[in-house]
Amino acid sequence: MDTATLREFTARFATAEEIDNWDKHVTANPNGGNMLQSDAYAAVKDGNGWLVRRLVIETAEYSSYNLLLEKKFPVLGRLWYLIKGPDAAAVEDIKPMLTAVARLAREQKMNVFTIKIEPDVVESPEVVAQLKVAGLVKAPNIQSNDSTAILDTSKPSNEVLRSISSRARNAVRRAEREGCEVRQEEAGEQSYRKLYALMQNTVNAKGAMPLRSYDYYAKFWNGFSSRGQGHFFFVYEDGQPSVGAFVINYGAKATYKDGGSTQNRKQYGDSHLTQWAAIQRMQELGCVEYDFCGTPSAARIKDKTHPLYGMGLFKTSFTKTVTDFVGCYDLVLSPLRYKLWLKGGEKVFRRLETMRTGGQFY
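Conventions and cut-offs
Residues numbered from 1 in each chain as written. Predicted model: local features only at pLDDT ≥ 70, side-chain atom pairs only at ≥ 80, totals over all residues. Heavy atoms only, no water. Phe/Tyr/Trp six-rings, centres within 6.5 Å; stacked < 30°, edge-to-face > 60°. Helix = DSSP H or I, 4+ residues; strand = E, 2+ residues; numbered from the N terminus. Buried < 20%, exposed > 50% of the residue type's maximum accessible area, 1.4 Å probe, protein only. Salt bridge = Lys/Arg side-chain N within 4 Å of Asp/Glu carboxyl O. Contact = heavy atoms within 4.5 Å. Pairing = 2+ DSSP bridges. Axes fitted to C-alpha atoms, helices over the stretch in contact; angles between N-to-C directions. Expected span 1.5 Å × (residues − 1).

### Focus: the packing of aromatic side chains
In this description, a pair of aromatic rings is defined by centroid distance and the angle of the planes.
Point 1. For the structure shown, the criterion picks out 29 aromatic pairs.
Point 2. Ring geometry for Trp-341 against Phe-361: centres 6.4 Å apart, planes inclined by 40°, an arrangement best described as tilted. Taken together, the residues Trp-341 in helix α12 (residues 335–357) and Phe-361 in the segment after α12 connect sequence positions 20 residues apart. Each member of the pair, Trp-341 together with Phe-361, is buried.

### Digging into the pattern of salt bridges
Point 1. This model, assessed by the stated rule, comprises 22 salt bridges.
Point 2. We note a salt bridge from Glu-284 to Arg-281, for which the minimum N-O separation is 2.9 Å. Residue Glu-284 and its partner Arg-281 are both found in helix α10 (residues 270–284); the two are separated by three residues, about one turn of the helix.
Point 3. Taken together, the shared-partner salt bridges in this structure form one network comprising Arg-7, Glu-61 and Asp-93.

### Remarks on the environment of Gly-327
Point 1. Among the secondary structure elements, Gly-327 is positioned in the loop between β13 (322–324) and β14 (329–332).
Point 2. Spatially, the C-alpha atom of Gly-327 lies 28 Å from that of Asn-204, the residues being 123 residues apart in sequence.
Point 3. When neighbours within four sequence positions are excluded, Gly-327 is seen to be in contact with Ile-117, Glu-118, Pro-119, Lys-138, Asn-141 and Asp-146.

### What to know about the sheet that holds β13
Backbone-to-backbone hydrogen bonds pair the strands of a sheet. The strands run either parallel or antiparallel.
Point 1. Strand order in this open sheet of seven strands is β8-β9-β10-β11-β12-β7-β13, and the pairing throughout is mixed. Both edges of this open sheet fall to β8 (182–185) and β13, since each of them pairs with a single strand only. Taken pair by pair, the neighbouring strands of this sheet meet at an average axis angle of 30°, ignoring direction.
Point 2. Pairing between strand β7 (residues 147–152) and strand β12 (residues 289–291): three bridges, direction antiparallel. Bridge assignment links Asp-152 to a residue of β12, and that residue is Glu-289.
Point 3. Strands in contact with helix α8 (residues 189–206) are β8, β9 (230–237), β10 (240–250) and β11 (253–261); relative to β11, the strand with the most contacts, it is inclined by about 70°.

### Regarding the environment of Ile-94
Point 1. Tracing the chain through its elements places Ile-94 in helix α4 (residues 94–107).
Point 2. Since its relative accessible area comes to 1%, Ile-94 is described here as buried.
Point 3. Between the alpha carbons of Ile-94 and Asp-291 there is a distance of 24 Å; along the sequence they are 197 residues apart.
Point 4. Ignoring any residue separated from it by four or fewer positions in sequence, one finds Ile-94 in contact with Pro-86, Ala-88, Ile-117, Pro-119, Val-121, Leu-131 and Leu-136.

### With respect to α4
Point 1. Compared with the 20 Å implied by 1.5 Å per residue over 14 residues, the 20 Å span of α4 between its first and last C-alpha is a close match.
Point 2. All of the buried residues along α4 are Ile-94, Pro-96, Met-97, Leu-98, Ala-100, Val-101, Ala-102, Leu-104 and Ala-105.

### Some words on unusual backbone geometry
Point 1. With an omega of 0°, the peptide bond running from Gly-85 to Pro-86 counts as cis.
Point 2. By the element assignment, Pro-86 lies in the loop between β4 (77–82) and α4.
Point 3. Of note, the phi angle at Lys-84 is positive, near 55°, even though the residue is not glycine.
Point 4. Classification of Lys-84 by relative accessible area gives buried; the value is 3%.
Point 5. Here Asn-264, not a glycine, exhibits a phi torsion of approximately 55°, which is positive.
Point 6. Turning to its location among the elements, Asn-264 is positioned in the loop between β11 and α10.
Point 7. Residue Asn-264 is classed as exposed on the basis of its relative accessible area of 78%.

Here it is as structure tokens:
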């Protein structure tokens, strides 16, 4: 799109009808929305350190529905975080979209000092240059899947199986031959406890990122499952859960959100078979892509010192390509207050919140 013909946008908060049908609207966004913009995720975040607002950004050609997370700080004012947004039809639309959002903040006298964004736009030198021209400042990434492995599941399952690496395919087939069985189980405390224990086991063994609290995950899993968007898969060894996965279907996108396993298992290929069972179920639910949700960046996928190296190796056995999204950028509305935020304000408020709640800031 020529910069001389930039679209004009308006921004407003959603109506009661739009909130009631939120997922229908979000999944009709130009890029199909994201599960972190969903009604279920709004319910998880609302009151959990954030005020959730629902934002509609419109132009003549389309409407974009986005969750807006808000925190309020003494002296600084409000931080707005457009999680996985804005959902834009073209990267050129981001600047006029944010102009509309900033105008809304001003008109509503909301005292917003910065708007944090993380659109699902694939990173490239051209895109980064455009975001810089739009006046955006690069900020540290927040979400675990700003670099990720995405499998195209739009073809019949036999073709999808042929598309994955021979290593993964052989693992799936051997696990099937040797009688490994994946069970899809109902949501509820029993499933939640089992998966959380498997996740703790993996974190303890691999020294990965610390988990949020059990209550946070239970609320998260229940939110998606109760809306028909969350599914549990387990494999057992000697009568005990040995591999577990929680997978989300949101619109046409599937996301392998959480998983864990016991160490030194006897069943070869059980993790691969768990994923394959989940992929097939997501296909039945109409998903045309499967996001493995978090790998090292493309530049570091072979770096054995990266904390996600092992995870990246497993996930890229299904799809070689690593997708690097642009990650987080800030639109600065008050340079002075933003400077205070960078000079230590963010660090202080993050520490205070962790001390107060025991939870993560973002």
